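# Structure assessment
Here is how the chains run, residue by residue.
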Amino acid sequence: MPGPLPLTGTYPAAAPPDPASLPPRRILAIWLRDLAMDRWRLSQELGLGEGADASPLALVAESARGVRITAANAAGLAAGANPGTALADARTLCPALATAPSDPAGDLAFLEKLALWAQRWGPWSALDAPDGLIVDVTGVAHLFGGEEALLADVRAALARRHLAARLAIAPTAGAAWALAHYGPDGTVLLPQDNAVQRLAQLPVAALRLDDDVLLVLRRLGLKRLGDLSGVARDALARRFRNRRAPAANPLIRMDQLLGMVPEPTLPVIEQHAPLVQRRLLEPIRHRDLLDRVVADLAEDMARVLEGRGLGARRLELGMWKVDGEVLVRRLELAAPSRDSGHISGLFGRHLDHIDAGFGIEMVRLRSMWSENVALSQGDIEAAAEGHGTSLAAFIDRLVARLGARAVRRPVLRASHVPERVQAWVGALEPDKSSQEAFEFHHRPLKLLDNAERIAVLYASPDGLPRRFRWRGEVHEVARAEGPERISPEWWRERGSVRLRDYYRIEDGQGRRYWIYRDGIAGDGRGGDAVGRPPDWFLQGLWG
Amino acid sequence: MFHRIDSPAVSPGSFASPAQAQGWRPGIVSDEVAHGEIFASAREGTGAAMALALAQDRLASAGLDPLADMPDQRMWLWVQDRDALRRSGRPYRPGLPRSLRHRLIHVAASTAEDALFALEEGLRCRDLAFAIGEISGNPKALSFTASRRLSLAAERHGVPLWLVRLDARRDLSSARMRWQASAAPSPQPRWNAAAPGAPRWRAELFRARGHPPGEWVLGPGNREKLTARPEERLSEAPTGAQSKARLEGRMALA
């Protein structure tokens, strides 16, 4: 075994008590080998080889190195327009090459919908971006009359949608993927088959490895999967000993292929965002009517959410205007809530500056992000008024008026530079685990956002300060402690940043400050290069 | 963590006795001080530090809730308007009292109106331990009406508020206790006589409901002792309205 295996995520199924009693896993891999071109043909309503598809055509995308071809039709490929070549190069080979923009985001969205649609063949499916699907067909093949018939059904259904596909069924996702991409189309690898033997003739690219790993294997002369099992396993394990990612380690991929190591995948699960809307008989133009509608929608939404045991975290209010414009207002809540009064109150502040124009004819409220909230008993006492608001509702109200950047809490960060020790996060975010500051370090109660420059009188350049002037007033130093030397973080800052000597100061009236000298005389940085003494700054105030 | 070491219980009930009504002293808990104001200079951290010390003193003196099975872990609120933040700095977590460090919610409001809004919302929130506001100068928004709203909200929901007024005139306000605070020279620390010691504040109570005015030198209690009761009786000194006797007292810090 190649060391500890970095497998993260959840396993698709809990470990069964007795694996022999369960039917063997059957995974269907679908490779849509021409997805981008198929989608383009669908959008142009063309059949294969009809109309514009008959002449050379390529889909192109902007890249850092000019316009590149991402996909091409059969005529284009024949003319030399291979995916990955620059458009200019392809045009020299085939001046008649027509182009269309590629749409990777649209392809992915299409693939997501297709993954849901593919659940007709199995209880769960996963994306294999950019152009594949994985469907778990364990124990369902008999519904279609066997696995061969299941494959025929898949092929027919995809052909009806004009999608070119290659299919395979195998006991593991890795083996199914390898067979779909590099094996004969429609292969079925049975659990009792000798997988090592059946897969031995596939190229090493069937292991889904990164390009640089494939290059290494090619240089080692390992071209087929059978070659990998021919080499002593510990030799390969030593060669790839510090490659932890499965895509960078052929041994992990090989084990996944043979089912010796589980391969977690993320299933696609459809979720419906709770949505309520009101069509208005008469377009509304006045604020109080709109408030009424929003309050009604919030109540509808609360009912919908309550029925599902959910609470909204992010809400979107869309307002369709008569003149064809749509106004959208978004809201995020600090904790899931289905309190209609709270929701409509928060939206109230966001509706102050909207322009209704000729009127709003439809209003829609959608909860884009919901979380589970258990049902709880409402307030039944009249005394509930005195209880006040909850922390989450309080944070929501502040954020709605002041913005999320104004309401925060400090957390510690791994740094020793005073201003970098604390970071600010959202008010209800949890504390990360971190090392607390040392107890013997005295730190001020407050820190100025920007350390302010002060003029200091001292006995010797590296000695204690005697007197300083800050914001136009002179402070006599009565007591001082220091220096506490804090070096810059060389791994984060430029080399010219100077170390700081911090002093705790108390002046004659008992006012206490944290001041520092930026650098020491003779360090050759900053002003020292031209013979100026180091600058002093006031950074913190004690109570 | 609020340890209560000894308990000559100072409860709202015992406050009614005439001997204690004479003068304020640390550890007094009454419903009256739900809204306090501290006037201080923006050149020093005294205002915020004293507000924090008063809040901690109140939490510690109120004692533990007998029904609670956990130490108090409610959040607390610190609101600053932009000018206060620019002139007197931002809270610094490593310098905050240990029991309060991880519970701070900080609001950086751009105007005094926003700061007052945040404070009022905070006082209405049942999950907050206390609120501290820092407002610079005498903004129009902080009128008598606004301070009355804060007082009512603080009293109704029981969330105490200390409002630090930086470089402000003593204007009209409905705060129950109004302090003028400035830094005082610290006592000598035990090991390094040249170093600054534990903080001391010269605090003048110039208006309070139920207490005569007076002047004190206050400071946090000893860290090792973690005491929740005053070490010296403050009411022994004369506390006439006219004579502003200077009293050395120690305030409890949890």
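Residues numbered from 1 in each chain as written. Chains lettered and ligands numbered in written order. Predicted model: local features only at pLDDT ≥ 70, side-chain atom pairs only at ≥ 80, totals over all residues.

### Remarks on the overall build of chain B
For clarity, the threshold we go by: Only DSSP runs of H or I with at least four residues qualify as helices, and only runs of E with at least two residues qualify as strands; both kinds are numbered from the N terminus onward. Any residue pair is listed as a contact if its two C-beta atoms, each placed from the backbone, are within 7 Å.
Across its full length, chain B holds five helices and ten strands. A separation of at least 24 residues holds for 77% of the contacts in chain B among residues at least 6 apart in sequence.

### Brief notes about the overall build of chain A
Which entries qualify depends on this criterion: Residue burial here comes from a neighbour count, namely the number of other C-beta atoms, placed from the backbone, that lie within 10 Å of the residue's own C-beta, with 20 or more meaning buried, 12 or fewer meaning exposed, and in between meaning partly exposed.
Of the regular secondary structure elements, chain A holds 15 helices and 20 strands. Expressed as a percentage of its 543 residues, the buried residues of chain A come to 32%. Within chain A, contacts between residues at least 6 apart in sequence are counted, and of these 55% link residues at least 24 apart.

### Here we look at the environment of B:Gly214
Summarising the element assignment, B:Gly214 is placed in strand S9 (residues 214–218). Between the C-alpha atom of B:Gly214 and that of B:Trp179, which follows or precedes it by 35 residues, the distance is 9.7 Å.

### Here's the deal with the sheet that holds strand S10 (residues 310–321) of chain A
All names here are of chain A. Just so we agree on the cut-off: By definition, two strands form a pair when at least two bridges between them are found by DSSP. The angle between two axes is taken between their N-to-C directions and runs from 0 to 180 degrees, where each axis is a line fitted to C-alpha atoms and a helix contributes only its stretch in contact.
Reading across from one edge, S9-S12-S10-S11 is the order of the four strands in this open sheet, with antiparallel pairing throughout. The open sheet has two free edges, formed respectively by strand S9 (275–284) and strand S11 (326–337), since each of these has just one partner strand. Within the sheet, the average angular offset between the axes of one strand and its neighbour, ignoring direction, is 15 degrees. Direction of pairing for S10 relative to S11: antiparallel, over a ladder of eight bridges. When the bridges of S11 are listed, Arg 314 appears paired with Glu 332.

### What about the interface of chain B and chain A?
For clarity, the threshold we go by: Lys, Arg, Asp and Glu make up the charged group, whereas Ala, Val, Leu, Ile, Met, Phe, Trp, Tyr, Cys and Pro make up the nonpolar group; the residues left over, Gly among them, are polar.
In this complex, chain B contributes 45 residues to the contact, which on the side of chain A involves 43 residues. Breaking the side of chain B that touches chain A down by element, the ones donating at least two residues are helix H2 (46–62), strand S3 (90–91), strand S4 (104–108), helix H4 (112–124), helix H5 (144–157) and strand S7 (177–184) of chain B. Among the elements that line the side of chain B that touches chain A, the one with the most residues is H4(B), at six residues. Across the side of chain B that touches chain A, the residue classes break down as 23 nonpolar, eleven polar and eleven charged. The sheet contact formed by strand S15 (residues 446–458) of chain A and S3(B) spans two bridges and is antiparallel. Counted as the bridge partner of A:Lys446 is B:Pro91 from S3(B).

### Comments concerning the pairing of strand S18 (residues 500–507) of chain A
All names here are of chain A. Buried residues dominate S18, accounting for seven of its eight residues. Sheet topology places strand S17 (residues 473–486) next to S18; seven bridges connect them, and they run antiparallel. Its bridge partner being in S18, Ile 486 is matched across the sheet by Arg 500. Hairpin remark: S18 followed by strand S19 (residues 512–518), antiparallel, with four residues in the connecting loop; positive phi at Gly 510, about 95 degrees.

### Topic: the packing of helix H15 (residues 391–402) of chain A against H4(B)
Heads up, the condition is: By definition in this entry, angles of less than 35 degrees are roughly parallel, angles greater than 145 are roughly antiparallel, angles of 65 to 115 are roughly perpendicular, and the rest are oblique. For any helix crossing, the convention is left-handed if the near helix is rotated counterclockwise from the far helix by under a right angle, and right-handed if that rotation is clockwise.
Orientation of H15(A) relative to H4(B), taken along the N-to-C sense of each, is 170 degrees, at an axis distance of 10 Å. With respect to H4(B), the axis of H15(A) lies roughly antiparallel. Considering only the axes of H15(A) and H4(B), their crossing is right-handed. Residues A:Phe394, A:Arg397, A:Leu398, A:Arg401 and A:Leu402 of H15(A) pack against B:Asp114, B:Phe117, B:Ala118, B:Glu121 and B:Gly122 of H4(B). Of the residues assigned to the contact of H15(A) with H4(B), the class counts are five nonpolar, one polar and four charged.

### Observations concerning the packing of helix H13 (residues 287–308) of chain A against helix H14 (residues 340–350) of chain A
Residue and element names in this part refer to chain A. In the contact formed by H13 and H14, the axes pass within 8 Å of each other and the chain directions differ by 140 degrees. One way to sum up the angle between H13 and H14 is to call them oblique. For the crossing formed where H13 meets H14, the hand is right-handed. Where H13 abuts H14, its residues Asp 291, Val 294, Ala 295, Ala 298, Glu 299, Met 301 and Ala 302 lie against Ser 340, Ile 343, Ser 344, Phe 347 and Gly 348.

### So, the nonpolar core
Using the following cut-off: As used here, a nonpolar core is made of buried Ala, Val, Leu, Ile, Met, Phe, Trp, Tyr and Cys residues. They are joined through C-beta atoms within 7 Å. All the domain ranges listed were derived from an automatic or database domain assignment.
In terms of nonpolar packing, the biggest core is built from 112 residues, with A:Ile515, B:Ala51, B:Val107, B:Ala131, B:Ile132 and B:Leu161 touching the most fellow members. For this core, the element with the highest residue contribution is H2(B), accounting for ten residues. For this core, the two domains that each supply at least three residues are domain 3 (275–399) and domain 5 (446–541) of chain A. Each residue touching B:Leu161, except ones within four places of it in the same chain, is listed here: B:Ala34, B:His35, B:Leu119, B:Leu123, B:Ala131, B:Gly133, B:Leu150 and B:Ala154.

### Some details on the pairing of strand S2 (residues 57–63) of chain A
Residues and elements named next belong to chain A. Sheet analysis places S2 next to strand S4 (residues 98–101), joined by four bridges and oriented parallel. What sits directly across from Val 60, in S4, is Pro 101. Pairing of S2 with strand S3 (residues 66–72), which is carried by six bridges, proceeds in the antiparallel orientation. Directly across from Ala 61, in S3, lies its bridge partner Arg 68. Where S2 folds back onto S3 in an antiparallel hairpin, the turn is made up of two residues.

### Focus on unusual backbone geometry
For the bond running from A:Ala129 to A:Pro130, omega is 5 degrees, close enough to zero to count as cis. Of note, A:Pro130 is situated in the loop between strand S5 (124–128) and strand S6 (132–136). We note that A:Glu45 has phi near 55 degrees; this positive angle belongs to a residue other than glycine. Within the fold, A:Glu45 resides in the loop between helix H1 (35–44) and S2. A positive phi angle, close to 50 degrees, is found at B:Asp167, a residue other than glycine. Within the secondary structure, B:Asp167 sits in the loop between strand S6 (161–166) and S7. A tally of 17 C-beta atoms within 10 Å means that B:Asp167 is categorised as partly exposed.

### Section: the sheet that holds S5(A)
Residue and element names in this part refer to chain A. Strand order in this open sheet of five strands is S5-S6-S1-S7-S8, and the pairing throughout is mixed. Both edges of this open sheet fall to S5 and strand S8 (187–188), since each of them pairs with a single strand only. Where strand S1 (residues 27–31) lies against S6, five bridges are found, and the strand directions are antiparallel. Bridging across to S6, Leu 28 finds its partner in Val 135. Running at roughly 160 degrees to S5, helix H4 (residues 104–117) makes contact with S5 and S6 of the sheet. Running at roughly 155 degrees to strand S7 (residues 166–170), helix H6 (residues 147–160) makes contact with S1, S7 and S8 of the sheet.

### Thoughts on the confidence of the model for chain B
Residues and elements named next belong to chain B. Operational definition: Predictor confidence is given residue by residue as pLDDT, running from a minimum of 0 to a maximum of 100.
Across chain B, the average pLDDT comes to 76, with 71% of residues at or above 70. Low confidence marks residues 1–20, where pLDDT is under 50. Its contacts with residues over four positions away, or in another chain, come to 32 contacts. Confidence drops under pLDDT 50 across residues 223–254; counting only partners more than four residues distant or on other chains, this segment forms 85 contacts. Across the assembled chains, the prediction reports ipTM 0.81 with pTM 0.66.

### A look at the environment of A:His181
Note that A:His181 resides in helix H7 (residues 173–182). Between the C-alpha atoms of A:His181 and A:Gly132, which are 49 residues apart in sequence, the distance is 9.7 Å.

### Brief notes about H4(A)
Residues and elements named next belong to chain A. The condition is simple: Each residue after the first adds 1.5 Å to the expected span of a helix. To obtain the arc, one takes the directions from the helix axis to the C-beta atoms.
When the terminal C-alpha atoms of H4 are compared, their 20 Å separation across 14 residues agrees well with the 20 Å that a helix rising 1.5 Å per residue should span. Every buried residue of H4 is listed here: Asp 107, Leu 111 and Ala 115. Down the axis, H4 shows its buried residues gathered within 80 degrees of arc, on one side only. For H4, the exposed residues set more than 90 degrees away from the buried face come down to Ala 105, Ala 109, Lys 113 and Leu 116. Along its buried surface, H4 packs onto H1, S5 and S6.

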